[in-house]
Each structure stands twice: as C-alpha cells, then as structure tokens.
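Architecture and fold: a report
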Amino acid sequence: LSRGAVQPDLAGRHVLVSAGGTREYLDPVRFLGNRSSGLQGYALARAAAARGAEVTLVAANVSLPDPAGVKVVRVETTAQLRDAVLAGAPAADAIVMAAAPADFRPTDVSDAKIKKSEDGSAPAITLEQNPDILKEISQHRLREGQVIVGFAAETGDATGSVLELATAKLARKGCDLLVVNDVSGGAVFGSPDNEAVILSAAGVAADVPRGSKASVAHAIWDQVAATLRG
Ligand code: CTP
Ligand code: CA
C-alpha cells in the first residue's frame, strides 16, 4: 500500500497506544505471559507520530527500539498497564488498546523463589481475574469526545461467527471501534503482516486487506481521524 505523503491529520491531537503482552508474576523470577510481540502497537505509534500526533506508547514487555518522537512508558503487569493508561487517558483524544493484558493473575505472589520438592509434586496455582482496562476507560470516559479503540483476536465457535462474537464484544466493552483479527487459520504472533475488520456500533467501518502492520495502523488512524472529525 503506497500512501505517498502522509497527511498531518492528527496534528494537535494526543493519542495513547498500548502494546505488547503483560506478565503476571508467580515469584521474583517466574511469570505467566502471552505471545504478543508489540509489533502492531509500535506500528500504530509510529503511524500516529507520522500523522502529527503527540504519542504516548505504553509498552508491556516489548523488545523493540523506542519509536522516534514517541513517549514510551514501560510496564510489566496488567496492574501497571492499567495505572499507565489511566494516567494518560485524561489528556488523550484517542486511546488504542493494542496490548494483550493477561486475563488472569496468580492470587498469591511469592516474595521468594518457589522451590521444587524432592517428592515430584508440583504446586497448584490459583488465579483471579485482572481488571478489564478497555471496559473501564470506555464506560467511565476520562475525556469528552475521546475515541477508544479495542482489539479482538477471535476464532468462530459454536456460539457464533467471528463477526458475531466481535459485535457482541464491542457492545460489552463500550468502545467506539474494535479491530477484529480472524485467527482461525492459525496464530499471527510476531508476523510482519496483519489483516482486520474495523467495527463500529453501526457495523463494519472498514475491511482492511492483508498488508504490513504499518498499513493496518494507517487504516485504523483513518477511522479514528474520521470519528474525531465526527
Ligand atoms: N483488554 C483490556 N484489559 C483486559 C483484557 C483485555 O483492556 N484485562 C483489552 C485488550 O487490550 C483488547 C480488548 O480488551 O483491546 C479485547 O481483548 P480480548 O482479550 O479479546 O477481550 P476479553 O474481554 O479478555 O475476552 P476473551 O475472553 O475473548 O479473551
Ligand atoms: Ca482476553
């Protein structure tokens, strides 16, 4: 996708992007994590900066260099991600939650490294649910007119197709746009490419063909910019 010269249609706007995957610690050296690479979130941050926005990037465990001209806030856990997003939200005209926060965290975190026993037994891990950051910021807006974008990687199942499940998720979360990845065909983690459908409450806002994560990022900002112009 060739865009030629990028238009500064986000000039004067503050945007906040979250990227990467959170870690939930069991002890000082072990955690539960996920495979989010942060590539799509970083592409979103770079694209927004190219379009003139002031960008805050909340990065959870991403091993990529800081994008030029972007304020990067590094976090590890979902609780830290939530704190950073809530801190940045009042100043943000748009928030894009590209991060994959862990849905669950261990109920107890051991201060000391958990030792294995000689009898071959293993400890049971009890989990509790993490707060839903996207739902919280969507249902209790910290800035008027703010555009909030969620991401959803879905496979269809017995309860519905990818689009049906995504439409229900958009309504449940209360965000303005939902970027839907159909991952039925296998995982896309770490891939340089992506493809997506962008949903709004009114239905499919854009069908984004397979392309670089940069081109998908620009398609998302196209929708955000249009919604901000509203
Ligand atoms: N999200 C969030 N806080 C969480 C979990 C998810 O803000 N604790 C955000 C993600 O950043 C993403 C969106 O919610 O933008 C959808 O994430 P997803 O995992 O698809 O939603 P869940 O409600 O966790 O549903 P599922 O049971 O399908 O995982
Ligand atoms: Ca989830």
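Residues numbered from 1 in each chain as written. Chains lettered and ligands numbered in written order. Predicted model: local features only at pLDDT ≥ 70, side-chain atom pairs only at ≥ 80, totals over all residues. Heavy atoms only, no water.

1. Side note on the pairing of strand β11 (residues 193–200)
With respect to burial, β11 is a largely interior element, six of its eight residues being buried. Summarising the sheet, strand β10 (residues 177–182) and β11 pair through four bridges and their orientation is antiparallel. Paired with Leu-177 across the two strands is Ser-200, which belongs to β11. In the sheet, β11 pairs with strand β12 (residues 203–212) via seven bridges, with the strands oriented antiparallel. Directly across from Asn-194, in β12, lies its bridge partner Gly-211. (Buried < 20%, exposed > 50% of the residue type's maximum accessible area, 1.4 Å probe, protein only. Helix = DSSP H or I, 4+ residues; strand = E, 2+ residues; numbered from the N terminus. Pairing = 2+ DSSP bridges.)

2. Description of the sheet that holds β10
Read across the sheet, eight strands follow the order β5-β4-β1-β6-β9-β10-β11-β12 without closing on themselves; strand pairing throughout is mixed. The sheet is open, and its two edges are formed by β5 (71–75) and β12, each paired on a single side. On average, each strand axis in the sheet is tilted by 20 degrees relative to the strand beside it, whichever way the strands run. Helix-sheet contacts for helix α4 (residues 162–173) involve β9 (147–154), β10, β11 and β12, and the interaxial angle to β10 is about 150 degrees. (Axes fitted to C-alpha atoms, helices over the stretch in contact; angles between N-to-C directions. Contact = heavy atoms within 4.5 Å.)

3. Overview of the site of ligand 1
For ligand 1, the set of nearby residues contains 13 residues, the closest of which are Met-97, Ala-99, Leu-134, Lys-169 and Lys-173. Note that a nitrogen atom of ligand 1 is positioned 2.8 Å from one of the backbone N or O atoms of Pro-131. Take Leu-134: an N or O atom from its main chain is 2.7 Å from an oxygen atom of ligand 1. Expressed as a share of its isolated accessible area of 570 Å², the protein-covered part of ligand 1 is 75%. Judged by the fraction of its atoms near the pocket grid, ligand 1 is located in the largest pocket. Those elements that provide at least two residues to the shell around ligand 1 are α3 (133–139), β9 and α4. If one sorts the elements of the shell around ligand 1 by residue count, β9 sits on top with three residues. Class assignment of the residues belonging to the shell around ligand 1 gives a composition of eight nonpolar, one polar and four charged. (Near = heavy atom within 4 Å. Polar contact = N/O pair within 3.5 Å; in protein donor to acceptor, adjacent residues only side chain to side chain. Areas by Shrake-Rupley, 256 points an atom, 1.4 Å probe, with all protein chains shown as cover. 1 Å grid on protein atoms, 1.4 Å probe; cavity = no way out; pocket = protein on both sides within 12 Å on 5 of 7 lines; lining within 4 Å. Sits in = over half its atoms within 2 Å of the grid points. Nonpolar A, V, L, I, M, F, W, Y, C, P; charged D, E, K, R; others polar.)

4. Focus on the coordination of the calcium ion (ligand 2)
Distances from the calcium ion (ligand 2) to its protein donors, Asp-103 (OD) and Asp-103 (OD), fall within 2.4 to 2.5 Å. Mapping Asp-103 onto the fold places it in the loop between β6 (94–97) and β7 (104–106). (Donors = N, O, S within 2.8 Å, 3.2 Å for Na, K, Ca; no water.)

5. A closer look at the packing of helix α1 (residues 39–50) against helix α5 (residues 213–229)
The packing of two helices is summarised by the inter-axis angle and the distance between the axes. Running from N to C, α1 and α5 cross one another at 60 degrees; their axes reach a closest spacing of 8 Å. Relative to α5, the element α1 lies oblique. For the element pair α1 and α5, the recorded crossing hand is right-handed. In contact with Leu-39, Gln-40, Ala-43, Leu-44, Ala-47 and Ala-48 of α1, α5 contributes Lys-213, Ala-214, Val-216, Ala-217, His-218, Ile-220 and Trp-221. Taken together, the residues that form the contact of α1 with α5 break down as 10 nonpolar, two polar and one charged. (Parallel < 35°, antiparallel > 145°, perpendicular 65-115°, else oblique. Left-handed = near helix turned anticlockwise from the far one by under 90°.)

6. So, the confidence of the model for the chain
Low pLDDT marks regions whose predicted coordinates should not be analysed in detail. Mean pLDDT over the chain stands at 95; residues scoring 70 or higher make up 97%. On the interface metric, ipTM, the complex scores 0.98, and its pTM is 0.96. (pLDDT = per-residue confidence, 0-100.)

7. Let's talk about the pattern of salt bridges
Taken as a whole, this structure holds 12 salt bridges when the rule is applied. Among the ionic pairs, Glu-136 bridges to Arg-82, the shortest N-O distance being 2.9 Å. Placement of Glu-136 in helix α3 and of Arg-82 in helix α2 (residues 78–88) is noted, with a sequence separation of 54 residues between them. Through salt bridges with shared partners, a single network forms among Asp-9, Arg-51 and Asp-222. (Salt bridge = Lys/Arg side-chain N within 4 Å of Asp/Glu carboxyl O.)

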